[in-house]
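Results of the structural survey
This is what each chain is made of:
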Amino acid sequence: MDFAFGPEDERFRAEARDWLAEHFTGPFTVLEQQPGGHPGEGRGDMAVRRAWERELGTGGWIGVGWDRTDGAYGNRAATLTQQVVWAEEYARAGAPGRLGHIGENLLAPTLLAHGDSAQRARFLPAIARGEELWCQGYSEPDAGSDLAGLRTRAVLDPAAGTYRITGQKIWTSLAHEADWCFVLARTEEGSQRHHGLSFLLVPMDQPGRIEVRPIRQLTGTAEFNEVFFDGAVARAEHLVGGAGHGWRVAMSLLAVERGVSTLVQQIGFAQELSRVVRLALETGAAEEPVLRDRLVRQWAELKAMRWNALRTLGAAQNPAGSPVRDLGGSPVRDHAQDSAGTSAQDHTQDPVQDPAGSPVRDHARDSAQDLSGSPVRDPVQDPAGGPVPDHARNAAPRRGAPHDLPPRNAGPQFPGSRDPGPRDPGAPSVAKLLWGGWHQRLGELAVQVRGAAAALGPERWTTGRPYELDAFQRLFLFSRADTIYGGSDEIQRTIIAERVLHLPKESRR
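Here the structure is a predicted model, which means the values were calculated and not measured.

Overview of the pairing of strand β7 (residues 224-235)
- As judged from the eight bridges shared by strand β3 (residues 162-169) and β7, these two strands associate in the antiparallel manner. The residue of β7 that forms the bridge with R164 is V233.
- Of the pairings in the sheet, the one linking strand β6 (residues 210-215) to β7 comprises six bridges and is antiparallel in character. Its bridge partner being in β7, V212 is matched across the sheet by V227.

Some thoughts on the nonpolar core
- Ranked by size, the top nonpolar core spans 50 residues in total, and within it W52, W86, W134, Y138, F182, F199 and L201 carry the most contacts.
- Looking at this core, the elements with two or more residues in it are α1 (7-23), α2 (46-58), α3 (80-92), α4 (101-114), α5 (117-128), β4 (180-186), β5 (197-203) and α6 (246-257).
- Of all hydrophobic cores here, the second largest spans 26 residues; its members include F269, V276, A285 and F478.

Looking at helix α10 (residues 427-450)
- For α10, built from 24 residues, the straight-helix expectation of 34 Å at 1.5 Å per residue is met to within 8% by its first-to-last C-alpha distance of 35 Å.
- Of all the 24 residues making up α10, 17 are buried; the element is thus mostly covered by neighbouring parts of the structure.
- G451 sits one or two residues past α10 and shows a positive phi near 70°.

A word on the packing of aromatic side chains
- One pass over the structure, following the stated rule, counts 17 aromatic pairs.
- Geometrically, the ring pair formed by Y138 and F182 is edge-to-face, given 6.1 Å between the ring centres and 85° between the ring planes. Of this pair, Y138 sits in the loop between β1 (134-137) and β2 (153-157) while F182 sits in strand β4, and the two are 44 residues apart along the sequence. Considered together, Y138 and F182 belong to a single accessibility category, that of buried residues.
- Arranged with centres 6.2 Å apart and planes meeting at 85°, the rings of W171 and F224 form a pair that is edge-to-face.

Quick notes on the rules
Residues numbered from 1 in each chain as written. Predicted model: local features only at pLDDT ≥ 70, side-chain atom pairs only at ≥ 80, totals over all residues. Heavy atoms only, no water. Pairing = 2+ DSSP bridges. Helix = DSSP H or I, 4+ residues; strand = E, 2+ residues; numbered from the N terminus. Core = buried A, V, L, I, M, F, W, Y, C linked by side-chain atoms within 4.5 Å. Buried < 20%, exposed > 50% of the residue type's maximum accessible area, 1.4 Å probe, protein only. Expected span 1.5 Å × (residues − 1). Phe/Tyr/Trp six-rings, centres within 6.5 Å; stacked < 30°, edge-to-face > 60°.

Right, dumping it as structure tokens:
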């Protein structure tokens, strides 16, 4: 497909770059992103990270490209290409993973699609100002990727106009910092599987009714949590999409999560790859033929993921199949066409150079380019809130009655559009399979490039202090979970088999 940046996009790029240069300074620079990071991780001063969210909100850089049919909500109007431009500039500035990702990129599009006017007016402006943080209450200890097997219950008290929620959620990113949680709970007594579920917005500040327990990871951080609800209160007017329709709302949210944000996520992946390539050049590991082949293959697979994401987004924004056009109505080209022979202008960075100052020119150097073909310098993970890989999102459906499942020709909806999206029910699952395995292999590659030194920490370990990890060790350890959270590979393959290939359904007892 054609997908390139026109004059309006370049003006938008200059505005974004200038704003970041002016505002991502002073106390905020301590938050500069590193490879292997995760937006929900415990590293960094949370007060400063919250202040950065408010800074973004004041500048109008939260909710870029939200659907404005029912109001602006304080966000900035932007086309799809401009959303990508903002993500690229955010990444190149080294700005931190977003605390507000879940509210901005998951809840907001869901409210725009399924919420009522009062819900949108109450919650979207606060998200756009960077004032309220959200977490996601999906996964449960006994359900895992089988979201339809959840047991958390919500009972309506008609006299009080509230729901009382009892149950447990797990792998919940940012629950320890979040002001609100959107919770999928069973509201119909005796209901099973995906029937009788509702989507509720729950305030987290309920001492004695909500308890958050951090889960410490291999990386030493505790970005995920267990959340216990013991009669937690949610107002009836904060039920989204109607009672008993939570499955439809939840599936819409998962489609958003695995849609446009996949492209944003790849920008961070490209910068992580560039750091691994540089390390291979510095250590001489790139001279080893097998390792060199892996580096080139990793680069090629990332390009393929980008083109797949562009194809999916193009179909979503333009189901009729006509060319994607810029603001002036002219067809736009693919900004990634440099690898097909069309030159792409470098917007920000100088070529990668060897220690003597000469440009590096070999296959490994090609890996040190971002997704637009421009060389990159600083590794940043998931710059604009691209799907936060959240264990709480391992929520792909296992099975449900045909009349309640998404239609076979339906696809994800995307911020900025209420169109049904690509007519490809397997697109989100394919995207998850692609990036999960790719990122995990990148972590393995980072360790292989370092060789025996990968076993050593940056600081001497002692019995009196926790071990320390460097960026590549964090990348390796955290990426081990990439093929599990967000819907395990096994679940994604089952979805593709049953909903795309129409193979016989797996026996479930």
